[in-house]
Amino acid sequence: MFYWLLKYVFPGPFMHLFNRPTVEGVENIPVDGPVILAGNHLSFTDWLFTPLLSPRRITYLAKAEYFTSPGIKGRLQKFFFSGTGQYPIDRSGADAAESALNTARKLLDEGRVVGLYPEGTRSPDGRLYKGKTGVARVALETGVPVIPVALIGTDEVCPPGPFRWRMRKVSVKFGKPIDFSRYEGMGGNRFVERAVTDEIMYELMRMSGREYVDVYAASLKKGVPSGSRPEADRVPESIAG
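Residues numbered from 1 in each chain as written. Predicted model: local features only at pLDDT ≥ 70, side-chain atom pairs only at ≥ 80, totals over all residues. Heavy atoms only, no water.

Please give an account of unusual backbone geometry that cites residues and values.
A negative phi angle characterises most non-glycine residues, just as the trans form characterises most peptide bonds. For the bond from F10 to P11, the omega torsion is 10°, close enough to zero to count as cis. Note on placement: P11 falls in the loop between helix 1 (2-8) and helix 2 (12-19). (Helix = DSSP H or I, 4+ residues; strand = E, 2+ residues; numbered from the N terminus.)

Give a description of the packing of aromatic side chains that names residues and reports values.
With the rule as written, the count across this model stands at 16 aromatic pairs. Pairing F49 with W165 gives two aromatic rings, centres 5.9 Å apart and planes at 35°, and the pair type is tilted. Linking F49 in helix 3 (residues 46-52) with W165 in the loop between helix 8 (154-157) and strand 8 (171-174), this pair joins segments that are 116 residues apart in sequence. For W165, a relative accessible area of 23% puts it in the partly exposed group. Aromatic pair F80 and F81: ring centres 5.5 Å apart, planes at 85°, arrangement edge-to-face. (Phe/Tyr/Trp six-rings, centres within 6.5 Å; stacked < 30°, edge-to-face > 60°. Buried < 20%, exposed > 50% of the residue type's maximum accessible area, 1.4 Å probe, protein only.)

An account of the packing of helix 6 (residues 96-109) against helix 7 (residues 134-142) is requested, with residue identities and associated values reported.
Interhelical geometry of helix 6 versus helix 7 gives an angle of 40° and a closest axis separation of 10 Å. In this view, helix 6 runs oblique relative to helix 7, as classed from their interaxial angle. Along this stretch, helix 6 crosses helix 7, giving a crossing that reads as right-handed. For the pair helix 6 and helix 7, the contacting residues are E98, L101, A104, R105 and L108 in the first and G134, R137, V138, E141 and T142 in the second. (Axes fitted to C-alpha atoms, helices over the stretch in contact; angles between N-to-C directions. Parallel < 35°, antiparallel > 145°, perpendicular 65-115°, else oblique. Left-handed = near helix turned anticlockwise from the far one by under 90°. Contact = heavy atoms within 4.5 Å.)

Written as structure tokens, this is what we have:
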């Protein structure tokens, strides 16, 4: 109930009026059954604008700390994130990544729409970065189609730094489902998983018009001096090859 109140009462109508979001390709989302939405990640607001323009409820994976903080603030935070379709995952420990993938598989088994960000973190400069192979592994193991979702303008609505909400136009594009059935039974093969991931990233690059950088965004945030920008490749590595 809370999810739909947010979408149709507040802040959904405010977002429609303030940011005038446009949407393309909603017909590509199946009316029922499991599906993976794989989007580029520009801003904190990505997981607000995508559900706003999707005809189906989307479940995202969120860090467990959002659901376990103490006190009144913690309870309100848990209520908000649960109500907006977030599902807690424990990101601590050596098996954190596998735990997240298992959670995604479970949600897909329940027939849900699961939203994932292959880049693993928000882009530091608006460009599209190398995708991690977790999305590919889940898609190959479950046989669930992947719909690429290109977000445009959310980084201008809420850029990195102190929270602020700007009056900028947003566009969300849902691509055609990508069928990876030709790789059936090849889940766990790291070369196949990389090829599948790069195919998803190529579609996101094409749909969004963003520059592609064949470097992990998380590595860039940790290891590159402030203000520097790595060279951009035109296409993901396995596509280019």
